[in-house]
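Okay, here's what each chain looks like letter by letter:
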Amino acid sequence: MNVSLIIAGDTCPSHAYNELHDLLRVGLAAHDGARIVADGADIVHLFGSYDRATLRLLSWYRRHMIPTVLTICDGLSAFTRYERDPHAPKRGLKAHILRKATAVHAMGNEEKDFISSISDTIKTAVIKNPIVTSQCTVDGTIRQFMSLYTSAIAANDKIVDEYIEGIIKKSEATEPELKSILYALLHSRYLNNRNLLSDERLTKLSRKLTDTVYNEDKLAVCLKSLRIDDYTARLLTLLESKTMLTEGFMPIEPSRNPLKQNPMSMPKSKDTKTDQ
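Thresholds, definitions, all that
- Position labels on residues start from 1 in each chain and follow its written sequence.
- Local features are withheld for residues below a pLDDT of 70 in this predicted model, meaning they are given only at 70 or higher, and side-chain atom pairs are given and counted only at 80 or more; totals for whole chains, interfaces and linings count all residues.
- Note: side-chain values were computed over all heavy atoms of the structure, leaving out hydrogens and water.
- The helix count covers DSSP runs of H or I at least four residues long, the strand count covers runs of E at least two residues long, and both are numbered beginning at the N terminus.
- Partly exposed residues are those whose accessible area sits between 20% and 50% of the maximum for their type, while under 20% is buried and over 50% is exposed, using a 1.4 Å probe and protein chains only.
- Two residues qualify as a contact provided that any one of their heavy atoms is within 4.5 Å of a heavy atom in the partner residue.
- For accessible areas, the Shrake-Rupley method is used with a probe of radius 1.4 Å. Any residue's cover is judged against the shown protein chains and nothing else.
- All axes here are fitted lines through C-alpha atoms, helices being fitted over the stretch that makes contact, and every angle between N-to-C directions spans 0 to 180 degrees.
- Relative orientations are named as follows: roughly parallel for angles under 35 degrees, roughly antiparallel for angles over 145 degrees, roughly perpendicular for angles from 65 to 115 degrees, and oblique for any other angle.
- Helix crossings are classified by the rotation of the near helix relative to the far one: an anticlockwise turn of less than a right angle makes the crossing left-handed, while a clockwise turn makes it right-handed.
- Expected helix span is given by 1.5 Å per residue-to-residue step, counting one fewer step than there are residues.
- Buried residues of nine kinds, namely Ala, Val, Leu, Ile, Met, Phe, Trp, Tyr and Cys, make up a nonpolar core once their side-chain atoms join them within 4.5 Å.
- All residues other than Ala, Val, Leu, Ile, Met, Phe, Trp, Tyr, Cys, Pro, Asp, Glu, Lys and Arg, Gly among them, are scored as polar; the first ten of these are nonpolar and the last four charged.
- We call two strands paired when DSSP finds no fewer than two bridges between them.
- Handedness of a crossover is defined as follows: with both strands directed away from the viewer, a clockwise route from the first strand across the helix to the second makes it right-handed.

**Student:** Is there a simple way to explain the overall build of the chain in this structure?
**Tutor:** When helices and strands are counted, the chain shows ten helices and seven strands. Counting the 276 residues in the chain, one finds 51% classified as buried. Restricting the contact set of the chain to residue pairs at least 6 apart, pairs at least 24 apart contribute 71%. Carbon and sulfur atoms make up 48% of the accessible area of the chain, which totals about 14000 Å².

See the structure below:
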C-alpha cells in the first residue's frame with residue numbers, strides 16, 4: 001500500500017499531532033505492507049484544520065476520486081471554543097470539510113461524538129495517539145491506521161465502480177463481455193490519471209483484451225460514443241510497447257502519440273507539506 005502523508009500548511013498547530021505525523025512516517029515506512037510516497041498514492045492521509053486550505057485539498061482529492069483519511073489537528077479544541085470565539089470555524093464549514101474526506105480519524109471518543117453531532121453519516125474511526133497516552137502502543141496504532149486505510153480504499157473503490165458503470169450505461173453496450181472490456185479501459189484511464197497504471201496492471205489489461213471474446217464493431221461504436229476512442233488508441237500504442245499485445249488486435253488503430261504514464265502529480269503548493 002502506497003501512502004502519502006500530507007500536512008495542510010507548513011505544520012500542525014499542535015505538538016501531539018506533529019509527533020503522530022512523524023510516528024506514522026517512520027512506522028509505516030518500516031511496515032512490510034506500506035510505503036511512503038509523494039505521488040502515485042493508494043491513499044492520502046491529510047493532517048489539516050477546519051480551514052479553506054484543508055477544504056481545497058480535500059476537494060481536489062475527491063474530484064480525482066483519491067481516497068483520503070482526515071486527521072483534524074486540534075479538532076477537539078476547535079469544537080470547544082466554538083461558542084466563545086467569533087473567529088472559530090463555523091459548523092457549516094466543518095461539516096463541508098468532514099464530508100469531503102473518505103474517512104475521518106478522531107483521537108478519542110469525545111472528538112468522535114463532536115463529529116457525529118455534525119453528521120452521523122461521517123465515517124469516523126477512533127485511534128488513540130501513543131504520544132499522549134499509555135493506553136495504546138506504537139505497533140498497535142500502525143496496525144489500526146493500516147486497517148483504516150484499507151477500509152477507506154475499499155469504500156472509494158465502490159465509488160469508482162459506480163462512476164464507471166454509470167458511464168457504461170450511456171453506451172450501447174448490452175453484452176457482458178463488451179461491458180467488461182469497456183470497464184477495463186475506463187478503469188485503466190482512472191488508474192493512469194492517479195499514477196497507478198503500473199507495468200503489472202498493463203500486462204493484466206493486455207491479457208484481458210486478448211482473452212475476452214466480444215463484438216469488435218460494437219466496441220468501436222461504444223468507444224466513439226463514450227469519447228474514449230482517442231484514449232484507447234494511445235493506450236494501445238503503450239500496450240504494444242510494454243506487453244505482448246499486437247497491432248491490429250482491436251478494432252481501432254494505435255495512435256502515434258502513446259499514452260503517457262503518470263501524467264498527474266499530487267498537489268504541491270503553499271497549502272501542502274508532503275513527506276516521502
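After presenting the structure, the write-up continues.
**Student:** What am I meant to see in the packing of helix α7 (residues 176–193) against helix α9 (residues 216–225) here?
**Tutor:** When two helices pack together, their arrangement is given by the angle between the helix axes and the distance between those axes. Close contact between α7 and α9 brings their axes to 11 Å; oriented N to C, the two are set at 40°. Our classification of the angle between α7 and α9 gives oblique. In the packing of α7 onto α9, the handedness of the crossing is right-handed. On α9, the residues touching Leu178, Ile181, Leu182 and Leu185 of α7 are Lys218, Leu219, Cys222 and Leu223.

**Student:** In this structure, what is going on with α7? I would like to understand it.
**Tutor:** Since one α-helical turn is 3.6 residues long, residues separated by three or four positions face the same way. With 18 residues, α7 should cover 26 Å at 1.5 Å per step; its first-to-last C-alpha distance of 26 Å lies within 8% of that length. Looking one or two residues past α7, Asn195 carries a phi angle of roughly 65°, positive in sign.

**Student:** Please clarify how the environment of Tyr231 should be interpreted in this entry.
**Tutor:** Looking at the secondary structure, you find Tyr231 in helix α10 (residues 229–242). A relative accessible area of 7% means that Tyr231 is categorised as buried. When the C-alpha positions of Tyr231 and Leu186 are compared, they lie 9.4 Å apart, and in sequence the two are 45 residues distant.

**Student:** Where do I start with the nonpolar core in this structure?
**Tutor:** Among soluble globular proteins, nonpolar side chains are generally buried collectively. Formed by 31 residues in total, the largest nonpolar core has its most connected members in Leu182, Leu197, Leu219, Leu235 and Leu239. Elements represented by at least two residues in this core include exactly α6 (138–168), α7, α8 (199–211), α9 and α10. If you tally residues by element for this core, the top one is α7, at eight residues. In this view, Leu235 contacts Leu185, Ser188, Leu197, Leu202, Leu205 and Leu259; residues no more than four positions away in its chain are not counted.

**Student:** I'm lost on the packing of helix α2 (residues 52–63) against helix α4 (residues 91–100) in this one. Help?
**Tutor:** Orientation of α2 relative to α4, taken along the N-to-C sense of each, is 35°, at an axis distance of 9 Å. In this structure, α2 crosses over α4, and the sense of that crossing is left-handed. Of the residues in α4, those touching α2 at Arg52, Thr54, Leu55, Leu58, Ser59 and Arg62 are Leu93, His96, Ile97, Arg99 and Lys100. Tallied by class, residues from the contact of α2 with α4 come to four nonpolar, three polar and four charged.

**Student:** Explain the pairing of strand β3 (residues 43–48) here, please?
**Tutor:** Residues in a regular strand project their side chains so that they alternate between the two faces of the sheet. For β3, the buried fraction is high: six of the six residues fall into the buried class. Burial along β3 is two-sided: Ile43, His45 and Phe47 and Val44, Leu46 and Gly48, pointing in opposite directions, are all buried. Looking at chain direction, strand β1 (residues 2–8) and β3 are connected through five bridges and run parallel. Among the inter-strand pairings, Ile7 is bridged to a residue of β3, identified as Phe47. As paired strands, β3 and strand β4 (residues 68–72) are joined by five bridges and run parallel to one another. Within the sheet, the bridge partner assigned to Gly48 lies in β4 and is Ile72. The parallel pair β3 and β4, bridged by α2, forms a crossover whose chirality is right-handed.

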